[in-house]
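This is what each chain is made of:
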Amino acid sequence: MFLTPLCQLSFLGNGVPGVFAKSPDNHPMKSLRLKPGKEKSLLRRHPWVFDGAIASGGSGVSGCAEAGETVRIDSSGGQFLAWAAFSLQSKIRARVWSFNEAQRIDATFIGAACARAILARSFFNIQSDGLRLIHGESDGLPGLVVDRYGDTLVAQFSSCGSERFKAVIVDALLKQTGLTRLYERSDASVRSLEGLPEATGWLAGSGNTEVILTEHDWKLSLDIASGHKTGFYLDQRDSRHKFSQYTRRMGFKRVLNCYSYTGGFTVAALAGGAAHVTSIDSSGPAIDRAIANVALNGFDANRTTMRDADVNAALRQYVKDGATFDAIVLDPPKFAPTTYHAERAARAYKDINRLALTLLEPGGALFTYSCSGGISADLFHKIVAGAGLDAGVDAYITERMGGAPDHPMTVTFPEGEYLKGLVLVKKLV
Ligand code: SAH
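Nothing here was measured: the structure is a model prediction, and the numbers come from that model.

Considerations on the overall build of the protein chain
The helix and strand tally for the protein chain stands at 11 helices and 20 strands. For 429 residues, the compact-globule estimate of 2.2 N^0.38 gives 22 Å, and the protein chain sits close to it at 24 Å. With the principal axes as the frame, the protein chain shows a C-alpha extent of 75 × 45 × 35 Å. Across the protein chain, every contact between residues at least 6 apart in sequence was considered, and the portion connecting residues at least 24 apart equals 64%.

Here it is as structure tokens:
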């Protein structure tokens, strides 16, 4: 990966070397000038400035911005485009805070952005006391994720800009929610791309890191310190509900939950009346938590089989054994983080979907997902269609699913659409 060395970037002050531009209230502000023609995406309000878009070298170097420092982004002609947080290492060299030249990026601005995001959650129908309060770029706060689990907040700072404003953000979140417990889970691998070390632990309050959520009609326990992401997959909330409804309405008896994590879909199926649910995950701690979650909801463990195993191998074995299921969930981890990985990932998705469609009873339902940013909804549809053809199976596509609404997509940030799903009902023969 080639990155322009920091001190060769054009930090221009009014186009004059050695002089910083002045912000509207007369504060010194470094500016970054783009190459000719590279202003288009910012003019369309997309919030990222890539390394390759920035003019480099030359006599215009007037200083170096620090990690997360707010810089002014100018077009090649010197026209103001945005205020953005500078990153020292990432290919995404700046992430936009505001497109308004008169805006000052300070504690008041950050606090107001947090308040708007939290208030916007009242637009959405969220049947749980676990929800995402801030979803990064989609909420105007690049590189910041904040989840609420009951009385506990969990925050992930994954950009230099959000890291720089950490204390301000923590203060704003506690004030605006009235909560006293906030745990940091800044251990996502993307932080290393920004040159930031991992950071985890309590930023406010202390105590037990285990939390019990009430989602729809069931309870789910999780550990905010050791669980995946901030502890749980809140984005699949609506899909778990739908799966429970399908199970009840269609009378599914034998269910297979692949990539089951802590058993969210397992509990949903049991609540929907499934006679037996087999759950497969390759993480031992996740399986242990799934067992605990089944007990937490008062379901008999005899209605479940918990398998610490590789899904692909397990599916192949089921096909060999001639096994069948009434309903199957396929919710794998991210096979393609970017489009660069799309081709290999497409083969992997096709393979598991082909196996699952083979194992499905006629009239049975497959809930299948991709959370890969590198696989579009359209491509995912084509992959699943290809899997059906290979399996010699036709199916009705009865639902197109996405992430729960507290993980919003926006008009200007298509990358916000990372999770997509299809519900297929296998045709009768
Ligand atoms: N459906 C879950 C979330 C699934 S996350 C929910 O609603 O909460 C994806 C899961 O896949 C993780 O728990 C991870 O441990 C598991 N996993 C990753 N690779 C796997 C593999 N090859 N076989 C089985 N499980 C795998």
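Section: the site of the ligand
Neighbouring the ligand are 14 residues; R240, D281, D310, V311 and D331 lie closest to it. D281 is positioned with one of its side-chain polar atoms (N or O) 2.6 Å from an oxygen atom of the ligand. One nitrogen or oxygen atom from the main chain of S282 is found 3.1 Å from a nitrogen atom belonging to the ligand. Within the complex, the protein chains bury 88% of what would otherwise be the 590 Å² of accessible surface of the ligand. Looking at the shell around the ligand residue by residue, the class counts come to 7 nonpolar, 3 polar and 4 charged.

Thoughts on the domain arrangement of the protein chain
Bring the parts together and some accessible area is lost; that lost area is often taken as the interface size. Along its sequence, the protein chain is carved into domain 1 (5-98), domain 2 (107-212) and domain 3 (233-426). Each side of the interface is counted separately: domain 2 has 17 residues, and domain 3 has 13 residues. For the pairing of domain 2 and domain 3, the buried interface totals around 1,200 Å² over both sides, and the portion due to carbon and sulfur atoms is 65%. Area buried by domain 2 at its contact with domain 3 is led by F124, H135 and S138, which between them contribute 37% of it. In this structure, E210 and R289 form a salt bridge, with 3.4 Å as the shortest nitrogen-oxygen distance. There are 5 residue pairs in polar contact (both at pLDDT 80 or more) connecting domain 2 and domain 3. Every element with two or more residues in the side of domain 2 that touches domain 3 is listed here: strand 7 (130-135), strand 8 (144-149) and strand 12 (210-215). The greatest single-element share of the side of domain 2 that touches domain 3, amounting to 4 residues, is contributed by strand 7. In terms of residue class, the side of domain 2 that touches domain 3 is made up of 5 nonpolar, 6 polar and 6 charged.

Let's talk about the pairing of strand 17 (residues 325-330)
Most of strand 17 sits out of view: 6 of its 6 residues are buried. Here 4 bridges tie strand 14 (residues 254-258) to strand 17, and the two strands are oriented parallel to one another. Residue pairing for strand 17: N257 is matched across the bridge by V329. Here strand 17 pairs with strand 18 (residues 360-370) via 5 bridges, running parallel. Considered in strand 18, the bridge of F325 is made with L360. Handedness of the β-α-β unit built from strand 17, helix 10 (residues 342-359) and strand 18 comes out right-handed.

Digging into helix 9 (residues 311-321)
Listed as buried for helix 9 are V311, A314, L315 and Y318. Along the axis of helix 9, the buried residues cluster in a sector spanning 100°; they form a single face. Close packing links the buried residues of helix 9 with strand 14, strand 15 (276-281), strand 16 (304-308), strand 17 and helix 10. G322, located one to two residues past helix 9, shows a positive phi value of around 75°.

Section: the environment of D288
By secondary structure assignment, the location of D288 is in helix 8 (residues 284-296). For D288, a relative accessible area of 52% gives the class exposed. Considering only alpha carbons, one finds D288 and T262, 26 residues apart in sequence, at a separation of 7.7 Å.

A short note on the nonpolar core
The biggest cluster of nonpolar side chains holds 40 residues, and the ones touching the most others in it are Y149, F232, F243, V255 and F367. Those elements that provide at least two residues to this core are strand 12, strand 13 (218-223), helix 6 (237-250), helix 7 (264-271), helix 8, strand 17, strand 18 and strand 20 (420-426). With 5 residues, helix 7 is the largest single contributor of residues to this core. Of the domains in this structure, domain 2 (107-212) and domain 3 (233-426) are the two that each give at least three residues to this core. Once residues lying within four places of it in the same chain are set aside, the contact partners of F367 are S239, K242, F243, Y246, I328, V329, L330, L422 and V423. Ranked by size, the runner-up nonpolar core spans 33 residues in total, among them Y259, Y349, L357 and V393.

Notes on helix 11 (residues 377-391)
With 15 residues, helix 11 extends 21 Å between its outermost C-alpha atoms, agreeing within 8% with the 21 Å of an ideal straight helix rising 1.5 Å per residue. Those residues of helix 11 that fall on the buried side of the exposure criterion are F380, I383, V384, G386, A387 and G388. Contact partners of the buried residues in helix 11: helix 10, strand 18 and strand 20. Just past helix 11, the residue G392 takes up positive phi, approximately 70°.

Notes on the confidence of the model for the protein chain
Caution applies to low-pLDDT parts of the model: their predicted coordinates are not meant to be read in detail. The pLDDT averaged across the protein chain works out to 92; a share of 92% of its residues lies at or above 70. Segment residues 1-8 is flagged for pLDDT under 50; beyond a separation of four residues in sequence, or across chains, it makes 22 contacts in the model. Counting contacts from residues 58-62, a segment whose pLDDT is below 50, to residues more than four positions away or on other chains yields 15 contacts.

Details of the packing of helix 9 against helix 10
At a closest axis distance of 10 Å, the pairing of helix 9 and helix 10 adopts a crossing angle of 35°. Seen along the crossing, helix 9 lies across helix 10 with a hand that is left-handed. Residues N312, L315, R316, Y318 and V319 of helix 9 pack against D351, I352, R354, L355, T358 and L359 of helix 10. When grouped by side-chain class, the residues that make up the contact of helix 9 with helix 10 number 6 nonpolar, 2 polar and 3 charged.

A few points about the packing of aromatic side chains
Enumeration according to the criterion identifies 15 aromatic pairs in this entry. Ring centres 5.7 Å apart and planes at 85° place the aromatic pair W97 and F165 in the edge-to-face group. Note that W97 is positioned in strand 6 (residues 92-98) and F165 in the loop between helix 3 (160-164) and helix 4 (166-177), a separation of 68 residues in sequence. When sorted by exposure, W97 lands in the same class as F165, which is buried. Judged by centre distance (5.0 Å) and plane angle (90°), the ring pair of Y183 and W202 falls under edge-to-face. Highlighted residues: Y183 in strand 10 (residues 181-186) and W202 in strand 11 (residues 199-204), separated in sequence by 19 residues. Seen from the ring of F157, K166 lies directly overhead, with NZ or CZ sitting 5.1 Å from the centre.

Cut-offs and rules
- Residues numbered from 1 in each chain as written.
- Predicted model: local features only at pLDDT ≥ 70, side-chain atom pairs only at ≥ 80, totals over all residues.
- Heavy atoms only, no water.
- Helix = DSSP H or I, 4+ residues; strand = E, 2+ residues; numbered from the N terminus.
- Rg over C-alpha atoms; globule rule 2.2 N^0.38 Å.
- Contact = heavy atoms within 4.5 Å.
- Near = heavy atom within 4 Å.
- Polar contact = N/O pair within 3.5 Å; in protein donor to acceptor, adjacent residues only side chain to side chain.
- Areas by Shrake-Rupley, 256 points an atom, 1.4 Å probe, with all protein chains shown as cover.
- Nonpolar A, V, L, I, M, F, W, Y, C, P; charged D, E, K, R; others polar.
- Domains from an automatic or database assignment.
- Buried area = accessible area lost by both parts, 1.4 Å probe.
- Salt bridge = Lys/Arg side-chain N within 4 Å of Asp/Glu carboxyl O.
- Buried < 20%, exposed > 50% of the residue type's maximum accessible area, 1.4 Å probe, protein only.
- Pairing = 2+ DSSP bridges.
- Right-handed = clockwise from strand over helix to strand, strands pointing away.
- Arc of directions from axis to C-beta.
- Core = buried A, V, L, I, M, F, W, Y, C linked by side-chain atoms within 4.5 Å.
- Expected span 1.5 Å × (residues − 1).
- pLDDT = per-residue confidence, 0-100.
- Axes fitted to C-alpha atoms, helices over the stretch in contact; angles between N-to-C directions.
- Left-handed = near helix turned anticlockwise from the far one by under 90°.
- Phe/Tyr/Trp six-rings, centres within 6.5 Å; stacked < 30°, edge-to-face > 60°.
- Lys NZ or Arg CZ within 6 Å of the ring centre and 35° of its normal.

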